[in-house]
Amino acid sequence: KEDKPVAYFYLDPYTRPAEKRGGAWMNTVVGRSELLAPNGETVRLPVAHMVLNQSPPVDGAPSLMKFREVETLFHEMGHALQHMLTTQSEGMVAGINGVEWDAVEQPSQFMENWLYDEPTLMGMAEHYDTKEKLPTEEFQKIKNARTFRAGSAMVRQLHFATTDLLLHSVFDEAKQTPYGLDREVAAKTEALAPEEFDRFLNGFSHIFAGGYSAGYYSYKWAEVLSADCFAAFEEVGLENEQEIQETGRRFRDTVLALGGGLEPMEVFNQFRGREPSVEPLLRHAGLIPAM
């Protein structure tokens, strides 16, 4: 900004099974802070690191990324952008710090949407040697795969989230077992009832050992937020570069800049001018007609 750096980041993209765990993640090195500013500076700039496990270069060929690897890169960059573009100067609420659970995945899932925008994907999807662009029919297959059984996937997540909330609120072990409660929820959310011997809950580590107790709903809620944010770009026209840039600056100055300094609903309202709607998520999933 104004020819001055606002942040730094490190990228560790390639898999190294002997010394690196699987998965992908973004984390902070240091956060933005006025209190911890170096001598002669007004603020300490944020530094992020992104760690991936994508296919490494082989036999002189560059890293040839699968679509899911590109999606993961975009996802983690969403987290990194929120950390790096923050304007909060109190370290505890700067960047990704202090963001309420409901909105932690909002910037990352937002970024994934751009891969289903044809000009964005076609701008980088090409054969590394011949430079031939990804065929249009292949792009359409990618879009179709996004909505394949989307309804089944959505009710599955609603099943998990509802069971989690009920187990951590109204569940009474004197009246029923956890498995009985799970089957009650399944009767409302699943097309096929689980078998009596089903013990999925025994392995539902997210809510018992993974930090998502009474918080699993945040996965789906963040999808609502991120889809509605992307809809703001769709509404001005994805081919309208000037409007896209203006909307992008507004997204940067709200969702990416305000960190944990404001409650997520207030941040969303500043960007969209209203509360969230589920319509964009249903549309992106192919469950209601497209725009």
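Next up on the list: the packing of aromatic side chains. Overall, the coordinates contain 19 aromatic pairs when judged by the stated rule. Between the aromatic rings of phenylalanine 160 and phenylalanine 200, the centroid separation amounts to 4.8 Å while the plane-to-plane angle is 15°, which identifies the pairing as stacked. Residue phenylalanine 160 is located in helix 5 (residues 150–167), and its partner phenylalanine 200 is located in the loop between helix 6 (178–189) and helix 7 (205–209); the two are separated by 40 residues in the primary sequence. Given the relative accessible area of 9%, phenylalanine 160 is considered buried. Phenylalanine 200 gets classed as partly exposed once you look at its relative accessible area, which sits at 30%. Residues tyrosine 212 and tyrosine 219 carry aromatic rings whose centres are separated by 4.9 Å and whose planes lie at 10° to one another, so their mutual orientation is stacked. Judged by its relative accessible area of 14%, tyrosine 212 falls in the buried class. Three or more aromatic residues link up through ring pairs in this structure, and these residues are Trp101, Phe160, Phe200, Phe204, Tyr212, Tyr216 and Tyr219. Arginine 146 extends its terminal NZ or CZ atom over the ring of tyrosine 116, reaching a point 4.1 Å from the ring centre.

Core analysis: the largest hydrophobic core is formed by 27 residues, its most contacted members being Phe110, Trp114, Cys229, Phe233, Phe251 and Phe271. Mapped onto this core, the elements with two or more residues apiece are helix 1 (67–84), helix 2 (106–112), helix 3 (118–122), helix 4 (136–147), helix 8 (218–236), helix 9 (241–256) and helix 10 (264–272). No other element matches the five residues that helix 8 contributes to this core.

This brings us to the environment of glutamate 243. You can see glutamate 243 is positioned in helix 9. As for glutamate 243 and valine 47, which are separated by 196 residues in sequence, their C-alpha atoms are 30 Å apart.

What follows deals with the sheet that holds strand 2 (residues 25–30). The strands that make up a sheet are held in pairs by hydrogen bonds between backbone atoms, and each pair lies either parallel or antiparallel. If you trace the three strands from one edge of the open sheet to the other, you get 1-3-2, paired in mixed fashion. Every interior strand has two partners, whereas the edge strands, strand 1 (8–14) and strand 2, have only one. Geometrically, the sheet is characterised by an average inter-axis angle of 20° between neighbouring strands, direction not taken into account. In the sheet, strand 1 pairs with strand 3 (residues 47–54) via six bridges, with the strands oriented parallel. In the strand pairing of strand 3, phenylalanine 9 is matched with alanine 48. Along the sheet face, helix 1 touches strand 1, strand 2 and strand 3 and points at about 170° away from the line of strand 3.

On to the environment of alanine 161. As for its placement among the helices and strands, alanine 161 is situated in helix 5. Judged by its relative accessible area of 9%, alanine 161 falls in the buried class. C-alpha of alanine 161 to C-alpha of threonine 120: the two residues are 41 residues apart in sequence and 33 Å apart in space. In this structure alanine 161 touches Tyr216 and Tyr217, once residues within four positions along its chain are discounted.

This brings us to the packing of helix 8 against helix 9. In the contact formed by helix 8 and helix 9, the axes pass within 9 Å of each other and the chain directions differ by 160°. The angle between helix 8 and helix 9 places the two elements in the roughly antiparallel class. Two packed elements cross with a definite hand, and for helix 8 against helix 9 that hand is right-handed. Contact residues: Cys229, Ala232, Phe233 and Val236 in helix 8; Glu243, Ile244, Thr247, Gly248, Phe251 and Val255 in helix 9. Residue composition of the contact of helix 8 with helix 9, grouped by class: seven nonpolar, two polar and one charged.

Here the focus is helix 1. Between its first and last C-alpha atoms helix 1 spans 25 Å; for 18 residues at 1.5 Å apiece the expected length is 26 Å, and the two agree. Of all 18 residues in helix 1, 13 are buried, a share of seventy percent or more.

Moving on to the pattern of salt bridges. Taken as a whole and judged by the stated rule, the model has 14 salt bridges. Here lysine 141 makes a salt bridge to glutamate 138, at a shortest N to O gap of 3.4 Å. Of this pair, lysine 141 and glutamate 138 both sit in helix 4, three residues apart, which is roughly one turn of that helix. For lysine 141, a relative accessible area of 52% corresponds to the exposed category. In this structure glutamate 138 comes out as partly exposed when scored by relative accessible area, which is 31%. Among the charged side chains, a network of salt bridges with common partners joins Asp12, Arg16, Glu19 and Lys20.

Along the chain, asparagine 113 turns up in the loop between helix 2 and helix 3. Accessibility expressed as a relative area gives 5% for asparagine 113, which makes it buried. At 2.7 Å, the side chain of asparagine 113 forms a polar contact with the side chain of arginine 146. Not counting chain neighbours up to four residues away, the residues in contact with asparagine 113 comprise Arg146, Ser226, Phe230 and His284.

Rules of the game
Residues numbered from 1 in each chain as written. Predicted model: local features only at pLDDT ≥ 70, side-chain atom pairs only at ≥ 80, totals over all residues. Heavy atoms only, no water. Phe/Tyr/Trp six-rings, centres within 6.5 Å; stacked < 30°, edge-to-face > 60°. Helix = DSSP H or I, 4+ residues; strand = E, 2+ residues; numbered from the N terminus. Buried < 20%, exposed > 50% of the residue type's maximum accessible area, 1.4 Å probe, protein only. Lys NZ or Arg CZ within 6 Å of the ring centre and 35° of its normal. Core = buried A, V, L, I, M, F, W, Y, C linked by side-chain atoms within 4.5 Å. Pairing = 2+ DSSP bridges. Axes fitted to C-alpha atoms, helices over the stretch in contact; angles between N-to-C directions. Contact = heavy atoms within 4.5 Å. Parallel < 35°, antiparallel > 145°, perpendicular 65-115°, else oblique. Left-handed = near helix turned anticlockwise from the far one by under 90°. Nonpolar A, V, L, I, M, F, W, Y, C, P; charged D, E, K, R; others polar. Expected span 1.5 Å × (residues − 1). Salt bridge = Lys/Arg side-chain N within 4 Å of Asp/Glu carboxyl O. Polar contact = N/O pair within 3.5 Å; in protein donor to acceptor, adjacent residues only side chain to side chain.

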